[in-house]
Amino acid sequence: MRSSRLFAALTALLLTSAAAQAEVTVLGWPGGPEETALRDAANLYNSKADVADEDKVELIFFNRDGFWDKLQTDLAAGGGEFDLNLLATYAIGRYAPFMEPVELPDSAVEVFGEKVLATMQFEGQQYGVPTDLSLHFMYYRTDLIDQLLSDADWQARYAEIAQKKLGKALKPKPPAEWTWDDYQATALFFTKAVNPDSPVRYGTVLQMKNLLFNMMVWHSTARSQGGDWMDAEGNITVDSPAYRKGLELYKELYDAGASPKDSLSYEFAEANAAFGSGQVATMLQWNAAAADLNDPEKTPAVGGKVGTVPPPAGEAGRFTHIHGLGLGLNKSAQNKAGALKFLEWLATPEAMQAYAAGGGTPALSPDVLAPVAAQRPDLTQLGDYAGQYGFVMTGATSAGALSTYELQAEQFTGYWAGQKSLDEALAATAQGMADLLKK
Amino acid sequence: MQSQHLRDGRILLAPLTIFLLAMLGLPLVVDLIYSVSRVEFRTILSPEFVGLANYASALSSENYWQAAWFSLRFGLVCAVAQLLLGLFLAIFLAPLIDRRPWLLAFLMLPMMVAPALVGLMYRLILHEFVGVVPWFMFTYFGDSPSFLGPDNAFRTLVVVEVLQWTPFALLILYSAYAAIPKDVREAASIDGAGPWQRLWRIDLPLMTPVLGATFFIRFIDSFRVFDNVYTLTGAGAGGATTTMSIWVYEAFFKSGDIGRAVAASMLLLVAAWAVLAIVHRLSERRA
């Protein structure tokens, strides 16, 4: 009797396991709006009558700490615990050997547009569906800038500071028309150490921690001056006037006290806390911060007084780094057929509208976005900026891209901290990149 | 009868031996292979033998020696500070803990917290706009230093490490202090020895082996620190707060240079073994 019960239990367990294996398992980006949005989209997919039980989607989340390292280890080990996994533009080259290219329906171009689809491509092949796009805004305090644009005393002081610190005759401009000089002059004007009458402590807050994501934020300065990682022949081109100008801008602002003293340990969260305290006038930051910073309930000191424009312009124009998060197919997936069906569905207007309504940040074509545009007005701005100003550095999707960002972060923060000269930092970066990007 | 004892002993030791071989021996063998191979994530199952190239590459790296110097300084400063502070607290609080032993459990709380959490906690506490320490500094002095900036990062990291791990030194040193027979101190008192003489001539000499062991344990722990430094400052501006563990982690995961990272780990293992052997030799000579 006991043995038959045991046999029945084992059989049930085996059947359950088989069923679990037949599901499509998806490893998503945990703990943020991306998770909520993916849950909503997956629920919608699972509720559809034409989705077979063995193709239902099961989501897996752990935590963000060391996510990419853990994912890399799991993929390299040939783990089949998930069929679809998160993918980022800057990591495609590294993960591509452990993933399979996918073919999306032709309609995907109409949903996302070529430029956004390209954020999930490596060596001409599509590796995933782009679910979220990240880029940068120049955040500013509307109340402070409005007064600067209307107060004659402030304007006179601004012109005096611009002449003294930058050696240029500048007048305050609306943020949408800023060049990097205008940004620098504005930041200095709102810095107590430079202008004791400033209503806030700092003119800006820079994210200068030795961290690859901070390099992405800073890259807009170099690109707007015409900088790139390499030229068409594959020569490393970071030791250039464009890079020097961008690096010197950060150092001058930091040394002048225009950014908090601990900026060399700041990343996304610290910069938001500084700006949200009401003691900072401007900030170059990821688009993901916009909703919370401008919400009076979440950020009482500045909520309702935050404006966003594209990053300032340089000699080559106005640019913002863009990268996408998306979902791609694990080479060791247990249920490839089911996983591909879900990916194809994810590239439809129905899926992306549900994803956007759930809090995700997909960059969608205007027609696809229209039904949810009233609910997510920020996505219109996101799509516009990505299309007009978005860039990816040459080589920034290669296998050595992540290491290149790391290398730049180490060298450039060393320069900003005064530990090495600009020449030393750029020479070491160029030499290291030549090794990393030739692989 | 003796062979029976020997066989029983072997049988009883077998599970532990198998466990150690599986959990330590096997990874060590794999590490040895990887340390003499060119291996990246994409070639993790097909390493290519390169001899001692990874060791040479690690040893010729300026960053490796910078990280080694940081870890050595950090380990020594933290171990000395924890030892002195732990010793002071053990002796100063001994009468109180003797009467209320539960206080010891309370004093142990800092080391119960995960080091990574401690790092995150101090990121908040020291943040200029949301942290309590800068708030007091601004309120009473009108300014606050850059706690995590290049000039102060080392000092801040040392203070955080010492605050978290001094309780460990306190626990061991208090136990050693409490284990000294009271009649020895009473005899010294009767012979006219004052508190300082009793400390220098009785307590400290009797506690010397424990002081040495505590210093060694804390030095090793602080030398290989990772979590709280990584969450507080990461590798630091220009790599200024890169510890050996962070160097290995970044070589492994960020650069994907597995052979080089494992070779550096093996060098660390050899160095730790050498220090252990020296300490062991010294303690044997003393005995």
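Everything numeric here is computed off the predicted structure, so don't read it as measured data.

S.K.: Is there a simple way to explain the sheet that holds strand β9 (residues 202-205) of chain A in this structure?
M.R.: Two pairing modes exist for strands in a sheet, parallel and antiparallel, and in both the strands are linked by backbone hydrogen bonds. All names here are of chain A. Across the sheet, which stays open at both edges, the four strands sit in the order β9-β10-β8-β11 with mixed pairing between neighbours. Both edges of this open sheet fall to β9 and β11 (306-309), since each of them pairs with a single strand only. Looking at each pair of strands side by side, their axes are set apart by 20 degrees on average, direction ignored. By the bridge criterion, three bridges tie β9 to strand β10 (residues 280-286) in an arrangement that is parallel. If you follow Thr 204 over to β10, its bridge partner there is Thr 282. Packing of helix α10 (residues 212-224) onto the sheet brings it into contact with β8 (136-141) and β10, and relative to β10 it is tilted by some 110 degrees. Packed onto the sheet, helix α12 (residues 268-276) meets β8, β9, β10 and β11 and runs at close to 150 degrees relative to β10.

S.K.: Can you walk me through the packing of α10 of chain A against helix α11 (residues 241-255) of chain A in this structure?
M.R.: The packing of two helices is summarised by the inter-axis angle and the distance between the axes. All names here are of chain A. Where α10 meets α11, the closest approach of the two axes is 7 Å, and the angle between their N-to-C directions is 125 degrees. Overall, the two elements α10 and α11 adopt an arrangement that is oblique. The two elements α10 and α11 meet at a crossing, and its hand is right-handed. In this structure, α10 contributes Val 217, Trp 218, His 219, Thr 221 and Ala 222 to the contact, and α11 contributes Ala 242, Tyr 243, Gly 246, Leu 247, Leu 249 and Tyr 250.

S.K.: Before we go on, may I ask you to explain the pattern of salt bridges in this structure?
M.R.: Where side chains of opposite charge bring their charged atoms close, a pairing between them can arise. In total, this model carries 25 salt bridges over all chains according to the counting rule given. Its salt-bridge partner being Arg 244 of chain A, residue Asp 239 of chain A comes within 2.9 Å of it at the nearest N-O pair. On the basis of relative accessible area, Arg 244 of chain A is assigned to the partly exposed category, the value being 25%. Notably, a salt bridge pairs Arg 218 of chain B with Asp 221 of chain B, separated by 2.7 Å at the nearest N-O pair. Of the two residues, Arg 218 of chain B and Asp 221 of chain B are both situated in helix α10 (residues 195-223); the distance of three residues between them amounts to about one turn of the helix. Classification of Arg 218 of chain B as buried rests on a relative accessible area of 1%.

S.K.: Would you mind going over the confidence of the model for chain A with me for this structure?
M.R.: Segments scoring low in pLDDT should not have their predicted coordinates read at a detailed level. The pLDDT averaged across chain A works out to 90; a share of 95% of its residues lies at or above 70. Every residue in residues 10-21 of chain A is under pLDDT 50, and counting partners more than four places away or in other chains gives two contacts.

S.K.: How should I be thinking about helix α2 (residues 33-46) of chain A in this particular structure?
M.R.: Side chains that are three or four residues apart share a direction in an α-helix, a result of its 3.6 residues per turn. Residues and elements named next belong to chain A. Compared with the 20 Å implied by 1.5 Å per residue over 14 residues, the 20 Å span of α2 between its first and last C-alpha is a close match. All of the buried residues along α2 are Glu 34, Glu 35, Ala 37, Leu 38, Ala 41, Ala 42, Tyr 45 and Asn 46. Seen end-on, α2 carries its buried residues on one side only, within an arc spanning 165 degrees. For α2, the secondary structure elements touched by its buried residues are β1 (24-27), β2 (57-60), β7 (128-134), β15 (323-330), α14 (336-346) and α15 (349-357).

S.K.: Just to check I follow, could you spell out the domain arrangement of chain A for this structure?
M.R.: As a measure of interface size, the accessible area lost when the parts come together is often cited. All names here are of chain A. On domain assignment, one finds that chain A holds domain 1 (2-134 + 323-391) and domain 2 (136-321 + 400-438). Its C-alpha centre places domain 1 at a distance of 33 Å from the equivalent point of domain 2. Per-residue buried area on domain 1 facing domain 2 is highest for Tyr 90, Tyr 389 and Phe 391; these three make up 48% of the total on that side. The tally of links from domain 1 across to domain 2 stands at five residue pairs in polar contact (both at pLDDT 80 or more).

Rules of the game
- Residues numbered from 1 in each chain as written.
- Chains lettered and ligands numbered in written order.
- Predicted model: local features only at pLDDT ≥ 70, side-chain atom pairs only at ≥ 80, totals over all residues.
- Heavy atoms only, no water.
- Pairing = 2+ DSSP bridges.
- Helix = DSSP H or I, 4+ residues; strand = E, 2+ residues; numbered from the N terminus.
- Axes fitted to C-alpha atoms, helices over the stretch in contact; angles between N-to-C directions.
- Contact = heavy atoms within 4.5 Å.
- Parallel < 35°, antiparallel > 145°, perpendicular 65-115°, else oblique.
- Left-handed = near helix turned anticlockwise from the far one by under 90°.
- Salt bridge = Lys/Arg side-chain N within 4 Å of Asp/Glu carboxyl O.
- Buried < 20%, exposed > 50% of the residue type's maximum accessible area, 1.4 Å probe, protein only.
- pLDDT = per-residue confidence, 0-100.
- Expected span 1.5 Å × (residues − 1).
- Arc of directions from axis to C-beta.
- Domains from an automatic or database assignment.
- Buried area = accessible area lost by both parts, 1.4 Å probe.
- Polar contact = N/O pair within 3.5 Å; in protein donor to acceptor, adjacent residues only side chain to side chain.

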